[in-house]
Amino acid sequence: MISRVQTVAFLGIEARPVEVQCALAPGLPAFSIVGLPDKAVSEARDRVRATLAELSIALPSKRITINLSPADLPKIGSHFDLPIAFALLSALEILPPDASDETLVLGELSLDGRLMPVLGALPAALTAAEQDRALLCPKASSSEAAWVDSVRVIGAETLTQVIRHFTGQAIIETAHPGEVHSAVTDKDLSDVKGQEIPKRAMEIAAAGRHHMLMTGPPGSGKSMLAARMPTLLPPLTPSEALETSMIHSIHGLIKDGGIDRTRPFRSPHHTASMAAVVGGGRQAQPGEISLAHNGVLFMDEMPEFARPVLETLRQPIETGEVMIARANAHIKYPCRFQLIAAANPCRCGYMSDANRACARAPQCGEDYLGKISGPLMDRFDLRVMVSSVSLKDLEQRSKGDSSATIAQRVAAAQAIQAKRFQGHPNVRLNADAEGGLLEEIASPDTEGRKYLTRAVERFNLTARGYHRVLRVARTVADLDGDDVINREHISEALYFRLQI
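These remarks concern the structure in this document.

The rules behind each value
Residues numbered from 1 in each chain as written. Predicted model: local features only at pLDDT ≥ 70, side-chain atom pairs only at ≥ 80, totals over all residues. Heavy atoms only, no water. Buried < 20%, exposed > 50% of the residue type's maximum accessible area, 1.4 Å probe, protein only. Helix = DSSP H or I, 4+ residues; strand = E, 2+ residues; numbered from the N terminus. Pairing = 2+ DSSP bridges. Phe/Tyr/Trp six-rings, centres within 6.5 Å; stacked < 30°, edge-to-face > 60°. Lys NZ or Arg CZ within 6 Å of the ring centre and 35° of its normal. Axes fitted to C-alpha atoms, helices over the stretch in contact; angles between N-to-C directions. Parallel < 35°, antiparallel > 145°, perpendicular 65-115°, else oblique. Contact = heavy atoms within 4.5 Å. Nonpolar A, V, L, I, M, F, W, Y, C, P; charged D, E, K, R; others polar. Core = buried A, V, L, I, M, F, W, Y, C linked by side-chain atoms within 4.5 Å.

Turning next to the pairing of strand β1 (residues 2–11). Of all 10 residues in β1, 8 are buried, a share of seventy percent or more. As paired elements, β1 and strand β2 (residues 14–25) share 10 bridges and run antiparallel to each other. Bridging across to β2, L11 finds its partner in E14. Counting the residues that bridge the hairpin from β1 to β2 gives 2 residues, and of these G12 lies at a positive phi of roughly 65°.

Take a look at the structure:
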C-alpha cells in the first residue's frame, strides 16, 4: 500500500505542487527520503522518527521509503516535515487512507510533536485554493494563510491535534485572518525646514510613482526627505497588499499573520551585494528590489554602491520584474518599486563651496557622479539639487504643508489616474504608461508641444527622456486638476529633468 499526501515546493513566490508518497516494504529496517531533497528535508527523517517516538508510535520493522514527486524538482525547506509524517501515519493506518485527499499539508515538526511556523503559508494557501483543497499548517502560520478567503485553513498546534482532527475525535476550527497593520510614524514632511523645491519634487514623484535622484552637500536633508516619502503615499490596495505579502511571506517578514497596508520602504546599505539587492543566493531569495514591490527603494549614497549592482537595476526598473537564472531553475519575482536615490555632488561633498572643496574640484564631481552610468541616470524622471539650508530657514517657526495635506493631493491625483487606466491591468500610474497609451493621455496642447519640441532639440533629450518628461508633465497636470497638458506643466517637468 502506498499513501499519498499533497504539499508544495517553493520556486520564488510560486508554490509548485508536490506529492509525498510513502511505501512500507519488507526488508531490513530503513527510512529513506528520495526525490531531490535538500539537507533540511533529509533531516526530516530524524525529526519525524523522534516525534512519533514521543507520541509512543512505533515504526514497523520494514523498509520505509518516502518519495517526493516530481523527483526532478528541488525540495527545499523544513515545511516537508508534516507532510512526511502525515503520509507515514496514513501508511501505518493510524490516519484514514483518504484523510488528505482534499487537503494540502505543510509544517515543521519539533521533537516533542509541536508544529512550528514555516515560510510561504500565503503562497501555499493560493495553491490550495487553485486545487480546491483545504490547507493544513501550523497554527502560528494559519492566520497568514487565512487571508486567502477561498480556502479553508486548518491551524494545528501539535501532531496529536492533527491525528485527533482527521480521526474525528476533536475537529479543529477554521482559522481566521490576522489583523491589518498600519505603521505608525512620527515622521512628517513639515519637519524639513526650507527645501520647497525638493518637497515639490517629492509630491510629483509620489503622485505618479516617478523615480527621483537628489544631490546636494552633506547635511542638506536628502535622507530626511526620502525617509518621509512613505507618509505621502496612499495605503496599499487589497490586491497590492496580497502581492507584497506573498514576497514577504517567502522572506519571513510577516508577523503574527497580519497584513501590512503600509507601503514598503527598503533602504539597503551601499555595501550590499548584488544578491542582496537584486535577489539570488543559494536558494534564490528575493532581493531588496522585490521586498520594495509596490513601495519605495531608497539608495542613499548611490555612487558608493558597486557598479555591477547599479547596472542590474536598469532592466527591473523598466519591466517591473526580475528573473533570477540558476542552473536548475529560473525564478521570477515582481519588483515594481519607486527608486529614490541620494548622492553627494562629489566624494568630499563640498564641490559648490570654494572654501571647503578639495583640490580636484570640479573634476572630482564629474568622476563621482560618473559612477552612475548614463543609461541609469536617464531612468530618473526627477533630478533635484538639494542645497544647504540657510540659518534663516532653520530658525523659522512657520512650517510648510504637512505630510497629511500633501498626501491628500497625491491621493486625488492617483484617483484620477486610477479612473484613466481602467481596462489597462498592467498600468496603474502615469509612470507605467508607454507607447500609444502615453501618446493618448499625455499629448500637450499646441503651445506646450512647440515648447517641448524646442527643448528636445536644444538639450538633445533621448527618446526615453522625451517620454519621461511627458509622464511627469501628465502627473503635474493631474495635481493641478487639468485635463490638458500645457506649457507650464511641460516647463516644470523639464526643470526637474535637467537639474543634474
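Moving on from the coordinates now.
Right, let's talk about unusual backbone geometry for a bit. The peptide bond linking S69 to P70 adopts the cis configuration, its omega dihedral lying at 5°. Tracing the sequence through the fold places P70 in the loop between β4 (63–69) and α3 (81–91). The phi dihedral of E93 falls on the positive side, at around 65°, and the residue is not glycine. Among the structural elements, E93 can be located in the loop between α3 and β5 (103–105). A residue is classified by how much of its surface remains accessible, and E93, at 64% relative accessible area, is exposed. Phi at D132 is positive, roughly 55°, even though this residue is not glycine. Classification of D132 by relative accessible area gives exposed; the value is 68%.

With the rule as written, the count across this model stands at 3 aromatic pairs. Residues F265 and F298 carry aromatic rings whose centres are separated by 6.1 Å and whose planes lie at 25° to one another, so their mutual orientation is stacked. Highlighted residues: F265 in strand β13 (residues 265–266) and F298 in strand β16 (residues 296–299), separated in sequence by 33 residues. Residue F298 is classed as buried on the basis of its relative accessible area of 4%. A centroid spacing of 5.2 Å and a plane angle of 70° characterise the contact between Y495 and F496, whose relative ring orientation is edge-to-face. Residue classification places Y495 among the partly exposed residues on the basis of a relative accessible area of 40%. Stacked on the ring of F421, the Lys or Arg R420 has its end atom at 5.8 Å from the ring centre.

At a minimum axis distance of 8 Å, the contact between helix α19 (residues 446–459) and helix α21 (residues 487–497) shows a crossing angle of 25°. Taken together, the axis directions place α19 and α21 in an arrangement best described as roughly parallel. Every residue of α21 that contacts α19 at E447, G448, Y451, L452, R454 and A455 is listed here: R487, I490, S491 and L494. Residue composition of the contact of α19 with α21, grouped by class: 5 nonpolar, 2 polar and 3 charged.

Looking now at the packing of helix α7 (residues 196–208) against helix α20 (residues 463–480). Interhelical geometry of α7 versus α20 gives an angle of 100° and a closest axis separation of 9 Å. Between α7 and α20, the crossing angle belongs to the class labelled roughly perpendicular. Contacts between α7 and α20 involve R200, E203, I204, A207 and G208 on the former and, on the latter, V472, T475, V476, L479 and D480. When grouped by side-chain class, the residues that make up the contact of α7 with α20 number 5 nonpolar, 2 polar and 3 charged.

Sheet strands pair via backbone hydrogen bonds, and the direction of the pair is either parallel or antiparallel. Strand order in the open sheet formed by 5 strands is β13-β16-β19-β11-β20, and the pairing between neighbours is parallel. Of all the strands in the sheet, the pair left with one neighbour each is β13 and β20 (382–385). Relative to β16, β13 runs parallel, the two sharing 2 bridges. Bridge pairing links F265 to V296 in β16.

Turning to the nonpolar core, a few remarks are in order. Formed by 92 residues in total, the largest nonpolar core has its most connected members in I84, F86, L135, L136, I289 and M302. Broken down by element, this core gets its largest block of residues, 8 residues, from α3. Not counting the four nearest positions on each side in its chain, M302 is found in contact with L310, L339, A341, A342, I372, L376 and F380. Among the nonpolar cores identified, the runner-up in size contains 48 residues, and I204, L452, A477 and A493 belong to it.

Within the fold, A201 resides in helix α7. Using a relative accessible area of 0% as the deciding quantity, one classes A201 as buried. Beyond its immediate sequence surroundings of up to four residues, A201 is in contact with M212, L382, V384 and F496.

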